[in-house]
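So you can see what is in the structure, the chains are spelled out below.
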Amino acid sequence: MKSLEELKKLREKLQSDTKLRAADGIKVIVGMGTCGIAAGAREVMAALMEEVKKRGLAGVVFQQTGCIGMCEKEVLVDIILPGAPRITYGNVRPSDAGRLVAEHVINGQIVKDLVVAKSV
Amino acid sequence: MRDLSLHILDLVQNAVAAGGKNISLLIEEDEKKDFLTIAVKDDGKGMTPDFAAKVKDPFATTRTTRKVGLGLPLIDMTAERAGGRLDIASRPGRGTTVTAVYRLSHIDRPPLGDIAATVKIIAAGCQGIFFRYEHRKGRNVFVLDTKQMREILGEEVDFGESAVMEWLDGFLREGLLALDKTEG
Ligand SMILES: Nc1ncnc2c1ncn2[C@@H]1O[C@H](COP(=O)(O)OP(=O)(O)OP(=O)(O)O)[C@@H](O)[C@H]1O
Ligand SMILES: [Mg+2]
């Protein structure tokens, strides 16, 4: 049974964890307005989280945001690497999560066919 | 929207957008009275009585990127269709409570859906917000409180971190399962 006791143990583990937090400062933001949710934003977010977990990346921060007015391009995902412009991906599906994490989050390569906007 | 867990995500997103710092979600399944209640409460910026009264209308939205708001009108529609209603209680500067009631056994009541997935994403993605989830079913109660998590994990740990999310996932799924099992 997962319990609060287990969460306490987790704290010790997280604190003693000296592995390089290579992903520190990386942000992944998923649009969660009504339009985004209806288009599958929750599943996309879950798939991205799963990819990050699978690869043992520590420090990636997930956030949600409301609708930004590109409803027809939902699901929208922003990836921000430290010191790099904010890249917005559109029409993202759960099956794109692997590519976004492997190519962009890990290797810093923009996944060109999914980009809809770029901003600083 | 396929199920109620997606509507819930929508309601919480509204609460976050309103600047709520303490957000709570209550789900109550009452088989005896045949009600399912979903209530999302926040201490965000609130709405004037005038605005709250017309917010079920898709053309009432303060959003600037699109002319219509869809979240509340959709929830209002599904609740009414399932023998229930949507209530909005709000005070400017104080906060808002949105309550959707459904008839539990109504054939048009959407299923609850994947509540664990919804709550996990809220808990993991709500930076700087305290979120409390309480689920009642008969005499059973399940609670997840991110304030308690914060006390245990300390300030520096991000709940979006994979080890924490894994814990969240297990805690939620087992807790929700227990709501069903010991019933009766
Ligand atoms: N918890 C809340 N606190 C304060 N204002 C709210 C709250 N929930 C909704 N509102 C107001 O009601 C309006 C309509 O909400 P609704 O969810 O229907 O649409 P929306 O959030 O504007 O857009 P979307 O279609 O992406 O949900 C919002 O624009 C906001 O002004
Ligand atoms: Mg909304």
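On a predicted model such as this, the values are computed, not experimentally measured, just so you know.

Rules and cut-offs
Sequence order as written defines residue numbering, which begins from 1 separately in each chain. Chain A is the first chain written and ligand 1 is the first ligand written, with later ones labelled in order. Side-chain atom pairs in this predicted model are given and counted only at pLDDT of 80 or more, local residue features only at pLDDT of at least 70, and totals for whole chains, interfaces and linings cover all residues. As a rule here, side-chain values cover all heavy atoms of the structure and leave hydrogens and water aside. Secondary structure elements follow DSSP: runs of H or I no shorter than four residues count as helices, runs of E no shorter than two count as strands, and numbering proceeds from the N terminus. We take the radius of gyration over the C-alpha atoms and set the globule estimate at 2.2 Å times the residue count to the 0.38 power. Exposure classes here rest on a 1.4 Å probe applied to the protein chains alone. A residue is buried below 20% of its type maximum, exposed above 50%, and partly exposed in between. Contacts between residues were defined by any pair of non-hydrogen atoms, one from each residue, lying within 4.5 Å. The protein chains shown are the only cover counted for residues, whose accessible areas, like all others here, come from Shrake-Rupley with a 1.4 Å probe. Within this scheme the basic residues Lys and Arg register as positive and the acidic residues Asp and Glu register as negative, but His and the chain ends are omitted. Here the site of a charge means NZ on Lys, CZ on Arg, CG on Asp, or CD on Glu. Simply put, an axis is a line fit to the C-alpha atoms, just over the touching stretch for a helix, and the angle between two N-to-C directions goes from 0 to 180 degrees. Between 65 and 115 degrees an angle is taken as roughly perpendicular, under 35 as roughly parallel, over 145 as roughly antiparallel, and anywhere else as oblique. Crossing chirality is assigned from the near helix's rotation relative to the far helix, an anticlockwise turn below a right angle marking it left-handed and a clockwise turn marking it right-handed. Think of a nonpolar core as a cluster: buried Ala, Val, Leu, Ile, Met, Phe, Trp, Tyr and Cys residues, connected wherever their side-chain atoms sit within 4.5 Å. Buried area is a sum: the accessible area each of two parts loses on coming together, probed at 1.4 Å, counted once for each and added. Here a salt bridge means any side-chain nitrogen of Lys or Arg lying within 4 Å of a carboxyl oxygen belonging to Asp or Glu. Polar contact criterion, stated in full: a pair of N or O atoms within 3.5 Å, where within protein one must be able to donate a hydrogen and the other to accept it, and residues adjacent in sequence count only if both atoms are side-chain atoms. The classification used treats Ala, Val, Leu, Ile, Met, Phe, Trp, Tyr, Cys and Pro as nonpolar, Asp, Glu, Lys and Arg as charged, and all other residues, Gly among them, as polar. For two strands to pair, DSSP has to find at least two bridges joining them. Confidence of the predictor in every single residue is expressed as pLDDT, which spans 0 to 100.

Looking only at helices and strands, chain B features six helices and six strands. Walking chain B from its N terminus toward its C terminus, one meets helices and strands in the order α-β-β-α-α-β-β-α-β-β-α-α. For 184 residues, the compact-globule estimate of 2.2 N^0.38 gives 16 Å, and chain B sits close to it at 17 Å. Counting only C-alpha atoms and orienting by the principal axes, one finds that chain B spans roughly 40 × 40 × 25 Å. Among the 184 residues that make up chain B, the fraction classed as buried is 55%. Of all intrachain contacts in chain B linking residues separated by at least 6 positions in sequence, the fraction that spans at least 24 positions is 61%. Summing over all exposed atoms, chain B offers an accessible surface of approximately 8,700 Å²; the carbon and sulfur share of this is 51%. With 26 positive and 28 negative side-chain charges, chain B shows a spacing of 5 Å between the two charge centroids.

Looking now at the packing of helix α3 (residues 41–54) of chain A against helix α4 (residues 97–106) of chain A. Residue and element names in this part refer to chain A. Packing of α3 against α4 leaves a shortest axis separation of 8 Å and a crossing angle of 45 degrees. By the angle class used here, α3 and α4 are oblique. Our pair here, α3 against α4, has a crossing hand that is right-handed. Residues Ala47, Leu48, Glu51 and Val52 of α3 form the contact with α4, whose participating residues are Ala97, Gly98, Leu100 and Val101.

Core analysis: the biggest nonpolar cluster contains 86 residues, and Leu48 of chain A together with Tyr133 and Leu144 of chain B have the highest contact counts within it. Counting residues per element, this core draws most heavily on helix α6 (residues 162–181) of chain B, which supplies nine residues. Excluding residues within four positions of it along the chain, Leu48 of chain A makes contact with Val28, Val30, Phe62, Val77, Ala97, Leu100 and Val101 of chain A.

Tallying the contact residues gives 44 residues for chain B and 38 residues for chain A. Taken together, both faces of the contact between chain B and chain A bury some 3,400 Å²; the carbon and sulfur share is 64%. Where chain B meets chain A, there are one salt bridge. As a salt-bridge pair, Glu43 of chain A and Arg2 of chain B come within 3.6 Å of each other at their nearest N and O atoms. On inspection of chain B and its partner chain A, the count reaches eight residue pairs in polar contact (both at pLDDT 80 or more). When contributions to the side of chain B that touches chain A are tallied by element, the ones reaching two or more residues are α1 (4–17), α3 (71–81), α4 (115–125), α5 (146–153) and α6 of chain B. If you tally residues by element for the side of chain B that touches chain A, the top one is α6 of chain B, at 10 residues. Residues that form the side of chain B that touches chain A fall into these classes: 19 nonpolar, 13 polar and 12 charged.

Residue and element names in this part refer to chain A. Examined against the element boundaries, Ala39 turns out to sit in the loop between α2 (34–38) and α3. Of the residues examined, Ala39 reaches a relative accessible area of 42% and is grouped as partly exposed. Measuring from C-alpha to C-alpha, the distance between Ala39 and Glu72 comes to 9.3 Å, with 33 residues separating the pair along the chain. For Ala39, the residues in contact, after removing those within four places along its chain, are Glu74 and Val75.

With that settled, the discussion passes to the pairing of strand β1 (residues 27–31) of chain A. Residue and element names in this part refer to chain A. The buried count for β1 comes to four of five residues, which makes it a mostly enclosed element. Here β1 runs beside strand β2 (residues 61–65); their pairing, made up of five bridges, is parallel. Bridged to Lys27 within β2 is Val61.

Here chain B averages 90 in pLDDT, while 93% of its residues score no lower than 70. Reported confidence for the predicted complex is 0.82 by ipTM and 0.90 by pTM.

Once that is clear, we can look at the pattern of salt bridges. Residue and element names in this part refer to chain A. Under the criterion given, the structure shown has 20 salt bridges over all chains. Put simply, Lys53 and Glu50 hold a salt bridge, and the shortest N to O gap is 3.6 Å. With Lys53 and Glu50 both in helix α3 and three residues apart, the pair spans about one turn of that helix. On the accessibility criterion, Lys53 (31% relative accessible area) is partly exposed.

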